[in-house]
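As a plain string of letters, each chain reads:
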Amino acid sequence: MINRAEYAKRRKKLMQQIGPTGIVILPSASETIRSGDTVYSFRQQSDFYYLTGFDEPEAVMVLAPKRKAGEYILFNRLRDRDREIWDGSRAGQAGACKDFLADQAFPIQQLQSMLPELLTDRQSVHYPIGMQKSFDDILLQAINKIRSMIRSGMQSPIACMDVSPSIHEMRLFKSTAEIAALQRAVDITVQAHMRAMKACKPGVMEYQLEAELLYEFYRQGSRYPAYSSIVGGGKNSCILHYIRNDQKLKNGEVVLIDAGAEYQNYAADITRTFPVNGRFSREQRAIYEIVLAAQLAAIRTIKPGALWTAAQDAIAQVITEGLVALGILKGNVNNLIKKQAYFPFYMHRSGHWLGLDVHDVGRYKIKNKWRTLQPNMVLTIEPGIYISADMQGVHRRWHHIGVRIEDDILVTSKGCRVLSDKLPREIADIEAVMSK
Ligand code: GLY
Ligand code: MN
Ligand code: MN
């Protein structure tokens with residue numbers, strides 16, 4: 001869905017940012033051995049993917065502005081008939097140029113010998129400093145090599161700079177094609193949540209609902225979840241990143257599902273909470289309504305120019321008011337907010353950027369001030385209330401109710417669009433889905 005021209009445009013933009021005397025060097029992700037000769041599914045490093053669309057390990061992208069022989073150089077694996085019989089085809093150097101628009105491509109084995117020449121007379125090297133120790137070493141060795149050749153007139157770079165923030169600022173603003181990919185990941189996820197909701201009844205295991213989610217992901221061409229799915233019933237609904245998913249779902253309890261598909265490397269991230277037996281109890285309903293009201297209030301803040309923290313402020317307000325109304329918190333609402341009295345019940349923040357990574361990149365503060373929202377940013381809004389049994393002074397009828405509601409939101413020029421709006425979150429709508 002993201003075409004070659006768009007990748008090329010991103011590379012151009014990054015080169016413009018670093019200027020004609022800089023050079024960008026970015027390694028791909030590596031394959032990780034699981035055991036013996038089996039490996040984990042390969043997932044490309046997101047910055048590398050964002051700039052190349054190239055989905056193989058053992059690759060390094062070099063962007064050298066104004067270089068006569070070509071600005072975009074890809075070092076990648078050689079074609080290898082034996083390996084390709086076992087592991088599948090490789091682009092090779094011809095494919096790197098033809099299909100991925102590299103100006104030049106070389107076997108990855110030549111990286112170390114070619115780096116000194118590429119770095120010579122460049123003033124600044126832009127790379128992800130400290131992300132891969134072995135890569136830091138390779139670069140520094142190349143720089144030392146040039147230093148040792150100073151008598152032949154070679155000049156080594158005088159600055160190493162972290163390239164990540166520049167790429168991350170670009171990634172924060174999504175293009176039309178990226179928004180389409182995100183929407184697809186979200187649509188698949190919506191259907192997966194629907195499927196799990198419908199399959200839920202007392203006695204079902206948490207992992208059986210997870211299986212429903214994964215079935216729908218895979219069936220629709222999402223090859224992996226964007227993160228380990230969270231399916232927590234009863235007390236497990238109060239564990240924020242619960243992924244064991246191995247307990248039985250019981251009558252009278254809620255189940256919290258936080259799951260998102262990854263589609264063409266773009267992530268969805270959606271949470272719904274519903275009663276295992278399909279009908280909210282009085283207590284579950286009371287807590288759920290507060291979280292829903294908090295989420296709707298937070299979503300109303302999302303528009304260009306709004307502070308990143310406006311959503312969190314709205315959530316803190318509604319949750320505190322709600323807990324006071326139920327008698328779970330006692331005191332003056334404003335004082336309680338100031339003291340963050342809601343924190344034992346709502347201990348995370350309003351959400352995060354969403355994109356190629358589930359907790360996507362991009363700064364939240366600029367010059368030490370919270371940033372404002374702009375069109376084409378995508379973020380989650382995910383308030384929650386979690387009441388575990390060890391919560392001092394809270395009546396036991398509230399125990400083991402953990403509720404989070406999470407949706408994926410695009411900032412538009414006028415306000416926002418909830419990409420995951422099709423997934424029911426009103427109590428009546430959830431009960432209707434579950435009664436079918
Ligand atoms: N699924 C992780 C999160 O909601 O941030
Ligand atoms: Mn999230
Ligand atoms: Mn989530």
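We now turn to the structure provided with this report. (Residues numbered from 1 in each chain as written. Chains lettered and ligands numbered in written order. Predicted model: local features only at pLDDT ≥ 70, side-chain atom pairs only at ≥ 80, totals over all residues. Heavy atoms only, no water.)

## Remarks on the pattern of salt bridges
1) Next: Counted by the stated rule, this structure contains 26 salt bridges.
2) Next: Note that Arg404 is salt-bridged to Asp258, the shortest N-O span being 2.9 Å. A residue pair is termed long-range when its members are at least 10 positions apart, and Arg404 in strand S19 (residues 401-404) and Asp258 in strand S11 (residues 254-259) qualify at 146 residues. Each member of the pair, Arg404 as well as Asp258, carries the same accessibility label: buried.
3) Next: Between Arg425 and Asp407 there is a salt bridge whose closest N-O contact spans 3.5 Å. Of the two residues, Arg425 is situated in the loop between strand S21 (416-418) and helix H13 (427-435) and Asp407 in strand S20 (residues 407-411); the sequence distance between them amounts to 18 residues.
4) Next: The class of Arg425 is buried, set by a relative accessible area of 11%.
5) Next: In this structure, a network of salt bridges that share partners links the residues Asp47, Arg171, Lys174, Asp357 and Asp360. (Salt bridge = Lys/Arg side-chain N within 4 Å of Asp/Glu carboxyl O. Helix = DSSP H or I, 4+ residues; strand = E, 2+ residues; numbered from the N terminus. Buried < 20%, exposed > 50% of the residue type's maximum accessible area, 1.4 Å probe, protein only.)

## Points about the packing of helix H8 (residues 176-199) against H13
1) Next: It is the contact of H8 with H13, at a shortest axis distance of 7 Å, that shows an interaxial angle of 65°. Classified by the angle their axes make, H8 and H13 are roughly perpendicular. Once H8 is placed against H13, the crossing between them reads as right-handed. From H8, Met194, Met197 and Lys198 reach across to H13, where they touch Ile430, Val433 and Met434.
2) Next: In terms of residue class, the contact of H8 with H13 is made up of five nonpolar, no polar and one charged. (Axes fitted to C-alpha atoms, helices over the stretch in contact; angles between N-to-C directions. Parallel < 35°, antiparallel > 145°, perpendicular 65-115°, else oblique. Left-handed = near helix turned anticlockwise from the far one by under 90°. Contact = heavy atoms within 4.5 Å. Nonpolar A, V, L, I, M, F, W, Y, C, P; charged D, E, K, R; others polar.)

## Looking at the environment of Tyr227
1) Next: Relative to the helices and strands, Tyr227 resides in the loop between strand S9 (224-225) and strand S10 (230-233).
2) Next: Judged by relative accessible area, which is 17%, Tyr227 ranks as buried.
3) Next: Sequence-wise, Tyr227 and Glu262 are 35 residues apart; in three dimensions their C-alpha atoms are separated by 8.3 Å.
4) Next: When residues no more than four places from it in sequence are discounted, the contact partners of Tyr227 are Asp258, Ala259, Gly260, Ala268, Asp269, Ile270 and Val358.
5) Next: A polar contact of 3.2 Å, which involves the side chain of Tyr227, links it to the backbone nitrogen of Gly260. (Polar contact = N/O pair within 3.5 Å; in protein donor to acceptor, adjacent residues only side chain to side chain.)

## Considerations on the coordination of the manganese ion (ligand 2)
1) Next: Distances from the manganese ion (ligand 2) to its protein donors, namely Asp269 (OD), His352 (NE2), Glu382 (OE) and Glu406 (OE), fall within the range 2.0 to 2.3 Å.
2) Next: If you look at the manganese ion (ligand 2), its six donor atoms make angles of 51 to 156° with each other, and the shape they trace is irregular.
3) Next: Along the chain, the residues donating to the manganese ion (ligand 2) fall in the pattern D-x82-H-x29-E-x23-E.
4) Next: The metal-metal distance between the manganese ion (ligand 2) and the manganese ion (ligand 3) comes to 3.3 Å, with Asp269 coordinating both. Remark: Glu382 occurs in the loop between strand S17 (378-381) and strand S18 (384-387) and Asp269 occurs in the loop between strand S13 (266-267) and strand S14 (270-275); sequence separation between them is 113 residues.
5) Next: Since its relative accessible area comes to 3%, Asp269 is described here as buried. (Donors = N, O, S within 2.8 Å, 3.2 Å for Na, K, Ca; no water. Tetrahedral: all angles 85-135°; square planar, octahedral: opposite > 155°, others 65-115°.)

## Remarks on unusual backbone geometry
1) Next: Despite not being glycine, Gln340 has its phi angle at roughly 55°, a positive value.
2) Next: Given a relative accessible area of 43%, Gln340 falls into the partly exposed group.
3) Next: Even without a glycine there, the phi angle at Asn376 is positive, about 80°.
4) Next: One can find Asn376 in the loop between strand S16 (369-370) and S17.
5) Next: The exposure class assigned to Asn376 is partly exposed, which follows from its relative accessible area of 34%.

Coordinates in, geometry out; function isn't part of it.
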